[in-house]
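Chain residues, written in single-letter form:
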Amino acid sequence: MRELVGEIGHLAVIISFVSSLTSSYAFWKSYRSSASEKLAWKSLALTTFWIHACCVGIVIIALFTIIYNHWYEYHYAWSHSSNNLPVAYMISCFWEGQEGSFLLWIFWHVLLGVVLLKTTREEWKPTTMLVFMLVQTFLISMILGVVIPFTQIKIGSSPFVLLKDVIKAPIFQLNPDYKPEDGNGLNPLLQNYWMVIHPPTLFLGFALTLIPFAYCLGALVMGKVQEWITYALPWNIVGTGILGIGIMMGAYWAYETLNFGGYWNWDPVENAVYIPWLISVASIHTMIIYKKNQSALKLSIFLVVATFLLVLYATFLTRSGILGESSVHSFTDLGLSGQLIGYLLFFTGLSSGLIVWRWKLIPGSQKEISAYSREFWIFIGVTTLILTSFQVLVPTSIPVWNQFVKLFGIESRLASPADQVQFYNKFQIWFAIAIALLSGTGQLFFWKKMEPSKLREAIAIPAMLSLLVSAALIVIAKIHNLQHIFLLTSSIYSIIANASILLKLFKSSNFKLAGGSVTHVGIALMLIGILFSAGYSKTISLNNTGFLYNKNFSDEMNREHLLLFRGQPQKMQDYTLIYKGIRMESAEIDSYIDKEDLFPTENPFRFILKKDYPPRKAGDTIQVYHENMYYEIEYKDKQGRTFSLYPRIQFNTKMGGESNLVPSPDIRHFWNKDLYTHVTNIPDPQAETKWSEPETFVLHLGDTFYLNDYVAILESVQRVNQVIGVSLGPEDIAIIANIKVFTKTGEFLLKPYFIIKDKQVGLIPHTVAELGVRILFEKIDPEKNAFTFQVRTTQRDWLILKAVEKPYINLVWIGTFFVSIGLCITAYRRFREIKSFKHDESPIEVY
């Protein structure tokens, strides 16, 4: 039955491939055929589309069934899932692998295809859906997993392949039906709520780039090279917005999960997605120019095609394995690189051929654009966006170039930038300055040609206000870097200029035209947030002791990191910090759990509670995500207000290097800054604790003694009927000693056990890492009422952390919100235009 599910899934993949190919051909024939045959071909095209859609649904259900039920005989389930994962992260497992992420992309195409069939005008359906289904055919081939007969050529990688067919382990020779009890698991870094929503959003953005591309190529096939702009523009706006949101979701995931201290690291995979987004933004502006004055059509076609092709190129970079040594995000090569290249070359050739074929039909600009018109400033902005993307594209493509020339026996010496952040920032900041200035100035024209004197008047007030506000901020924030001054001033100028337009629109009750200005305000806010959070972060965890932590540490580690001993207050700028201990997490309990309150079982994911954690009681067995250890750090400010942060150390064999430990920060949000804290060093959790030689104490009730320099008292000794983790019989005896320890920060109660079970003595020690103490209840002398304890000591638990203040980082996320709202306003108006659009009239042209 289990293998039947996989066979059904694989059969559905094959049928969906055949049906999508058939649908493509049928849509082509419905366009080319005579009127008498057109209806039959159209019926076939629609029927095979719905067959394709149903089969994709079956594939998704089959694969998720395998993952959800932990059928580890399937390689995909074993590679990406495990028994302890909650359902939300099982969904993440679905698209962690290449096959699942392709399937997610295919799923979005199916939904968008349904929408297109319902909304596209009849005359546009055949050619638009022809292109759409051709893309879908190539995409579905990526998960086909079949070998061409009589050859060794394999097409695609199937998610339904069995583990024994991939891993040729001896166990399968001894037992062909062997099924692992647990899977390899989802990468712990991806066990995050952002990874449940970020990939679907990003792939929806990828999928939406296909619609303008399909309209564009469909129009070229038909020879109607102008009308497609109206239909494609709103989809282009929606796709750009969703792709941008997806990118920023990934940025926020990196900010709160990774420990490089930011949200954008200029990783090649990040760049690969950023490039098509920039070109998509540029294409929106040229399409709007065309709708206003019938110019820039050729450039619009080029940019719309380039956006889709760059998405394919990003797919190749990410999934071919070519970035394996230069990116932490890239997939390993599953043998799909040849298909990806073919996919990219086919649509590059098809697009280029159609453009060349219809070039004479594509009208050029009929008149020269004035430097005092909005079209001119938009053209300058588009040129800036293209150059911005090109500056990122070239260095990102160095690994591709190296592999290409290697085919001809040439060893390229080109290398990716050693310090990629510094390399890209020094160029991108100037492009950002230009974009901010242009986005402010262009809006002032509002599609009206201005005389030079009028332009100076329009610019004068926003420019003066910008200089005044910028000057104040430069003094207050102590900004001395010339590039930063230019970026701040230009961004404030963009905000003020666009705000003046918004004010006019509010006064005229014409807010539906405000989308562009709202979007530009959002971009400017993001630029200011990026400037302050990246350029003026302040490390506050300075080592002021005058001592080195370790001579083997780097200078930065010894200088800018803070050593905390557990339970010992430590001053850090405006705060007093106390390291409280290690905490664990369980889906069954709302709060963090003290690691010392957990008793392990044979199952590494199951622990017994030593005390009550509502709604669970002491003695209950709960599931704990043991890969994650949270280090509670209590902060107290000068006013006595306290809060706790829980930076994480994750045991991650996939990304942890030699130590298998991956740190993640915890963040305290304030209105004007974030306090970003992450652990940078801890005692080796895999190393055996080095204890002192045992010290023996013979005590009576009420005796006081010294325990690792702390005063302790034996308060009581009593018999108990229950011991967590031990099953006591009716004749067994368990005795607990209650020893109170007094420290500067509070009191501790140590509870070692003396157990007689099945007539044998068993001792359960009590270890307190905060005190560096391990005490064993060793002997009872009933005649003298004396009790013998063995004590060992070790260094107290400690950690080293780094704390950074990131000023005004909230502006990055607020700006993202404004950009999203602005694009929504613009897209809504453009979709409404489609309904009223007729061939002999043009819709309102205001952006």
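About the cut-offs
- Residues numbered from 1 in each chain as written.
- Predicted model: local features only at pLDDT ≥ 70, side-chain atom pairs only at ≥ 80, totals over all residues.
- Heavy atoms only, no water.
- Salt bridge = Lys/Arg side-chain N within 4 Å of Asp/Glu carboxyl O.
- Helix = DSSP H or I, 4+ residues; strand = E, 2+ residues; numbered from the N terminus.
- Buried < 20%, exposed > 50% of the residue type's maximum accessible area, 1.4 Å probe, protein only.
- Pairing = 2+ DSSP bridges.
- Patch = residues over 30% accessible without salt bridge, like charges linked within 9 Å, V, L, I, M, F, W, Y side chains within 5 Å.
- Areas by Shrake-Rupley, 256 points an atom, 1.4 Å probe, with all protein chains shown as cover.
- Axes fitted to C-alpha atoms, helices over the stretch in contact; angles between N-to-C directions.
- Polar contact = N/O pair within 3.5 Å; in protein donor to acceptor, adjacent residues only side chain to side chain.
- Expected span 1.5 Å × (residues − 1).
- Core = buried A, V, L, I, M, F, W, Y, C linked by side-chain atoms within 4.5 Å.
- Contact = heavy atoms within 4.5 Å.
- Parallel < 35°, antiparallel > 145°, perpendicular 65-115°, else oblique.
- Left-handed = near helix turned anticlockwise from the far one by under 90°.
- Nonpolar A, V, L, I, M, F, W, Y, C, P; charged D, E, K, R; others polar.
- 1 Å grid on protein atoms, 1.4 Å probe; cavity = no way out; pocket = protein on both sides within 12 Å on 5 of 7 lines; lining within 4 Å.
- Points joined across faces, edges and corners; volume = space filled by probe spheres on them.
- Phe/Tyr/Trp six-rings, centres within 6.5 Å; stacked < 30°, edge-to-face > 60°.
- Lys NZ or Arg CZ within 6 Å of the ring centre and 35° of its normal.

### A look at the pattern of salt bridges
The final tally for this structure, using the stated rule, is 26 salt bridges. Its salt-bridge partner being Glu123, residue Lys224 comes within 2.4 Å of it at the nearest N-O pair. Residue Lys224 is found in the loop between helix 10 (210-222) and helix 11 (228-257), and its partner Glu123 is found in the loop between helix 5 (98-119) and helix 6 (125-141); the two are separated by 101 residues along the sequence. A relative accessible area of 31% places Glu123 in the partly exposed class. Residue Lys740 pairs with Glu747 through a salt bridge whose shortest N-O separation is 3.7 Å. The exposure class of Glu747 is exposed, given its relative accessible area of 52%. A cluster of three or more residues bridged by salt bridges with shared partners is formed by Lys291, Arg829, Arg830 and Glu833.

### Here's the deal with the pairing of strand 25 (residues 773-781)
Across a regular strand the side chains alternate sides, sitting on one face of the sheet and then on the other. Here strand 24 (residues 766-768) runs beside strand 25; their pairing, made up of 3 bridges, is antiparallel. Residue Val768 lies in a different strand from strand 25, and its bridge partner there is Val773. Between the end of strand 24 and the start of strand 25, which pair antiparallel, lie 4 residues, with Gly772 showing a positive phi angle near 70 degrees. Here 8 bridges tie strand 25 to strand 26 (residues 786-793), and the two strands are oriented antiparallel to one another. By the bridge assignment for strand 26, Ile775 is matched with Val791.

### Focus: a nonpolar patch on the surface
Taken together, the side chains of Trp401, Phe404, Leu407, Phe408, Ile410 and Leu414 make up a nonpolar region of the molecular surface, amounting to roughly 690 Å² of accessible area. Within the secondary structure, Phe408 sits in the loop between helix 16 (398-406) and helix 17 (420-445). Judged by relative accessible area, which is 58%, Phe408 ranks as exposed.

### A word on the sheet that holds strand 9 (residues 606-609)
Pairing is antiparallel in the open sheet, where 3 strands are placed in the order 8-9-10. The open sheet has two free edges, formed respectively by strand 8 (598-600) and strand 10 (621-623), since each of these has just one partner strand. For this sheet the average axis-to-axis angle between neighbouring strands, irrespective of direction, equals 45 degrees. Relative to strand 9, strand 8 runs antiparallel, the two sharing 3 bridges. Residue pairing for strand 9: Leu598 is matched across the bridge by Leu609.

### Looking at the side chain of Asn293
As for its placement among the helices and strands, Asn293 is situated in helix 12 (residues 268-293). The class for Asn293 is buried, based on a relative accessible area of 18%. Side-chain polar atoms of Asn293 contact the side chain of Ser295, separated by 2.6 Å. Polar side-chain contacts of Asn293 include one of 2.6 Å to the side chain of Glu375.

### Some details on helix 10
Within an α-helix, residues lying three or four positions from one another point in the same direction, as the helix has 3.6 residues per turn. Between its terminal C-alpha atoms helix 10 stretches 18 Å, which fits the 18 Å expected from 13 residues at 1.5 Å a residue. With respect to burial, helix 10 is a largely interior element, 13 of its 13 residues being buried. At the C-terminal side of helix 10, Gly223 shows a positive phi close to 85 degrees.

### Some details on the side chain of Gln98
Within the element layout of this structure, Gln98 appears in helix 5. For Gln98, the side chain forms a polar contact with the main-chain oxygen of Arg319, separated by 3.3 Å.

### Describing the nonpolar core
Core analysis: the biggest nonpolar cluster contains 150 residues, and Trp105, Tyr215, Trp228, Ile301 and Phe347 have the highest contact counts within it. In terms of residue count, helix 11 provides more of this core than any other element does, 16 residues in total. The residues contacting Ile301, other than those within four sequence positions of it, are Cys216, Leu220, Trp228, Ile355 and Ile362. Counting residues in each nonpolar core, the second largest holds 31 residues, with Ile593, Tyr631, Ile649 and Leu801 among its members.

### Focus on the packing of helix 13 (residues 297-319) against helix 15 (residues 374-396)
Interhelical geometry of helix 13 versus helix 15 gives an angle of 20 degrees and a closest axis separation of 13 Å. It follows that helix 13 is roughly parallel to helix 15 by the angle criterion. The handedness of the crossing between helix 13 and helix 15 comes out as left-handed. Where helix 13 abuts helix 15, its residues Leu299, Leu303, Leu310, Tyr313 and Leu317 lie against Phe379, Val382, Ile386, Leu393 and Thr396. Residue classes in the contact of helix 13 with helix 15 are distributed as 9 nonpolar, 1 polar and no charged.

### Regarding empty space enclosed by the protein
Enumeration according to the criterion identifies 2 cavities of 30 Å³ or more in this entry. As a volume, the largest cavity reaches approximately 40 Å³. Looking at the largest cavity, the residues that line it are Leu208, Thr209, Pro212, Trp235, Asn236, Gly239, Thr240, Leu243, Ser280 and Thr307. When residues of the lining of the largest cavity are assigned to their parent elements, the largest contribution, 5 residues, is made by helix 11. Partitioned by chemical class, the residues of the lining of the largest cavity number 4 nonpolar, 6 polar and no charged. Counted as a void, the second largest cavity has a volume near 30 Å³. Lining the second largest cavity are Thr209, Pro212, Asn236, Ser283, Val304 and Thr307. By residue class, the composition of the lining of the second largest cavity is 2 nonpolar, 4 polar and no charged.

### Regarding the sheet that holds strand 26
Strand pairing in a sheet relies on backbone hydrogen bonds. The paired strands run either parallel or antiparallel. Strands sit in the order 17-26-25-24 across an open sheet of 4 strands; the sheet is antiparallel. Of all strands in the sheet, those bounded by a partner on one side alone are strand 17 (695-699) and strand 24. Direction aside, neighbouring strands of the sheet carry axes that sit 25 degrees apart on average. The sheet contact formed by strand 17 and strand 26 spans 5 bridges and is antiparallel. Paired with Phe697 across the bridge in strand 26 is Phe789.

### Side note on the packing of aromatic side chains
To describe a pair of aromatic rings, one takes the distance between the centres and the angle between the planes. Per the stated rule, a full pass over the model turns up 57 aromatic pairs. Both rings, one in Phe49 and one in Trp50, keep their centres 5.4 Å apart while their planes meet at 80 degrees; by these two values the pair is edge-to-face. Geometrically, the ring pair formed by Tyr252 and Trp813 is edge-to-face, given 4.8 Å between the ring centres and 80 degrees between the ring planes. With Tyr252 in helix 11 and Trp813 in helix 22 (residues 810-836), this pair connects stretches of sequence that are 561 residues apart. Neither residue differs from the other here; Tyr252 and Trp813 are each classed as buried. Taken together, Tyr193, Trp194, Tyr252, Tyr255, Tyr263, Tyr676 and Trp813 form an aromatic cluster joined through their ring pairs. Its guanidinium or amino end placed over the ring of Phe102, Arg319 lies 5.0 Å from that ring's centre, counting from NZ or CZ.

### Re helix 12
Relative to the 38 Å expected for 26 residues at 1.5 Å per residue, helix 12 spans 38 Å between its end C-alpha atoms, a close match to the ideal helical length. Counting buried residues in helix 12 gives 25 out of 26 residues, a clear majority hidden from the surface. The distance from a side-chain oxygen at the start of helix 12 to the backbone nitrogen of Val269 is 2.9 Å, and the residue carrying that oxygen is Asp267. With its phi angle positive at about 60 degrees, Gln294 sits one or two positions after the end of helix 12.

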